[in-house]
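The primary structure of each chain is shown beneath.
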Amino acid sequence: FAQKDKVVEASSKRKPAWIGSSDRSHFAVTEVGETLAAASGKCMASIRQYIVNAVAVNVSSAEKMATRQISAMSDYSSVLMTEAGQLPYLNNITLSNAEAVYWERIYSKKTKTYRYEYSVLYPFPEQTRRQLIEAFVAIDDAKQAEYERLRRELGTITDIDRIQLAVNELDGLYDYFFDATRKGDVETLRRNYRALYNAVSIEVESEAPGECVYSLRLDGRPAM
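Keep in mind it's a predicted model, so treat the numbers as computed, not measured. (Residues numbered from 1 in each chain as written. Predicted model: local features only at pLDDT ≥ 70, side-chain atom pairs only at ≥ 80, totals over all residues. Heavy atoms only, no water.)

Caption draft 1: Representation of the overall build of the protein within the structure. A count of helices and strands for the protein gives five helices and seven strands. The order of α-helices and β-strands along the protein, N terminus first, is β-β-α-α-β-β-α-α-α-β-β-β. For the protein, the residues scored as buried account for 37% of the 224 residues in total. A sequence separation of at least 24 residues applies to 63% of the contacts in the protein between residues at least 6 apart. (Helix = DSSP H or I, 4+ residues; strand = E, 2+ residues; numbered from the N terminus. Buried < 20%, exposed > 50% of the residue type's maximum accessible area, 1.4 Å probe, protein only. Contact = heavy atoms within 4.5 Å.)

Have a look at this one:
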């Protein structure tokens, strides 16, 4: 491989010893791209994935509560990567926080093409790991509390317009929850809310000559 590839440009004279290593407070990633920007972008994605996986391992091993059944770390990791832009505790993961960066421009004699190899040493101390776990738990607890509130409201709702609002909220929860158990719970509750439309009725309250008073009912309750 060394005979077929040649480093034609580098960010420093010596290749750092930290490349490919990790310890309790740092980790290193290396990615390849046709351009420097492409390689650094891949590094950014790898950094986020590494941190997401590290947090997922801790959460899945520590959280065995019935309300937070994490069946697979990959499920948690994939949803965090998908929703990364909406999760505030991942927003501060940027290359500007890197402890060191090294890159090489390499020419392949075999393919006669250039590529960039981009390496980043990223700080990830235990304190940061704990903060990310706590941030995830806070968000997840809020989502679970939202589901519990909607479940309680099902039997007391009197505003017909509230049905669709509740369904919309459940749609968001379904997209967020990454374990099959809670997705199933949300889907069941969503069906129950939609079934309330079939429980809407108009009943006669009173009748008199020339006058008839009706009332709107929702599952037997006065509604509006």
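Following the structure, the description resumes.
Caption draft 2: Seen up close, the nonpolar core. Ranked by size, the top nonpolar core spans 42 residues in total, and within it I47, I51, V120, Y122, L170 and Y193 carry the most contacts. Only strand 2 (26–33), helix 1 (36–62), strand 4 (113–123), helix 3 (126–153), helix 4 (160–176) and helix 5 (180–195) provide two or more residues apiece to this core. Per element, the largest residue contribution to this core is eight residues, and it comes from helix 1. Residue contacts for L170: discarding those within four places in its chain leaves Y147, L150, V186, L189, R190 and Y193. (Core = buried A, V, L, I, M, F, W, Y, C linked by side-chain atoms within 4.5 Å.)

Caption draft 3: Quick peek at unusual backbone geometry. Despite not being glycine, K112 shows a phi value in the positive range, around 60°. Among the structural elements, K112 can be located in the loop between strand 3 (100–108) and strand 4.

Caption draft 4: Molecular detail of the layout of surface pockets. Counted as a void, the largest pocket has a volume near 240 Å³. When contributions to the lining of the largest pocket are tallied by element, the ones reaching two or more residues are strand 4 and helix 3. Broken down by element, the residue count for the lining of the largest pocket peaks at four residues, all from helix 3. By residue class, the composition of the lining of the largest pocket is nine nonpolar, four polar and no charged. (1 Å grid on protein atoms, 1.4 Å probe; cavity = no way out; pocket = protein on both sides within 12 Å on 5 of 7 lines; lining within 4 Å. Points joined across faces, edges and corners; volume = space filled by probe spheres on them. Nonpolar A, V, L, I, M, F, W, Y, C, P; charged D, E, K, R; others polar.)

Caption draft 5: Highlighting helix 4. For helix 4, with 17 residues, the first-to-last C-alpha span of 26 Å sits near the 24 Å given by 1.5 Å per residue. Among all positions of helix 4, only I160, R162, I163, A166, V167, L170, L173 and Y176 are buried. Sitting at the head of helix 4, D159 places a side-chain oxygen 3.0 Å from the backbone nitrogen of D161. (Expected span 1.5 Å × (residues − 1). Polar contact = N/O pair within 3.5 Å; in protein donor to acceptor, adjacent residues only side chain to side chain.)

Caption draft 6: Spotlight on the packing of helix 3 against helix 5. Running from N to C, helix 3 and helix 5 cross one another at 30°; their axes reach a closest spacing of 10 Å. Between helix 3 and helix 5, the angle falls in the class roughly parallel. Here helix 3 and helix 5 pass one another in a crossing that is left-handed. Only R182, D185, V186, L189 and Y193 of helix 5 make contact with helix 3, whose side of the interface consists of D140, Q144, Y147, L150, R151 and E153. (Axes fitted to C-alpha atoms, helices over the stretch in contact; angles between N-to-C directions. Parallel < 35°, antiparallel > 145°, perpendicular 65-115°, else oblique. Left-handed = near helix turned anticlockwise from the far one by under 90°.)

Caption draft 7: Representation of helix 5. The terminal C-alpha atoms of helix 5, which comprises 16 residues, lie 22 Å apart, in line with the 22 Å expected from a rise of 1.5 Å per residue. Buried residues of helix 5: R182, V186, L189, R190 and Y193, and no others. Axial view of helix 5: buried residues confined to an arc of 105°, hence all on one face. Along its buried surface, helix 5 packs onto helix 3 and helix 4. (Arc of directions from axis to C-beta.)

Caption draft 8: Broad picture of the confidence of the model for the protein. For the protein, the mean per-residue pLDDT works out to 82, and 83% of the residues sit at or above 70. Predicted confidence is poor over residues 64–73, with pLDDT under 50, and the contacts of this stretch with residues over four places away or in other chains come to 18 contacts. (pLDDT = per-residue confidence, 0-100.)

Caption draft 9: A look at the sheet that holds strand 2. Here four strands make up an open sheet; going across it, the order is 1-3-4-2 and the pairing antiparallel. Strand pairing shows two members of the sheet lacking a second neighbour, strand 1 (5–10) and strand 2, which therefore form its edges. Within this sheet the neighbouring strands show an average axis-to-axis angle of 25°, counted without direction. Note that strand 1 and strand 3 share five bridges and pair antiparallel. Bridge pairing in strand 3 places V7 opposite I106. (Pairing = 2+ DSSP bridges.)

Caption draft 10: Region of interest: the packing of aromatic side chains. Taken as a whole and assessed by the stated rule, the structure comprises seven aromatic pairs. Taking 6.5 Å as the distance between ring centres and 80° as the angle between the ring planes, the aromatic pair formed by Y50 and F124 counts as edge-to-face. Residue Y50 is found in helix 1, and its partner F124 is found in the loop between strand 4 and helix 3; the two are separated by 74 residues along the sequence. One Lys or Arg, R105, reaches over the ring of Y114 and ends 4.0 Å from the middle of that ring. (Phe/Tyr/Trp six-rings, centres within 6.5 Å; stacked < 30°, edge-to-face > 60°. Lys NZ or Arg CZ within 6 Å of the ring centre and 35° of its normal.)

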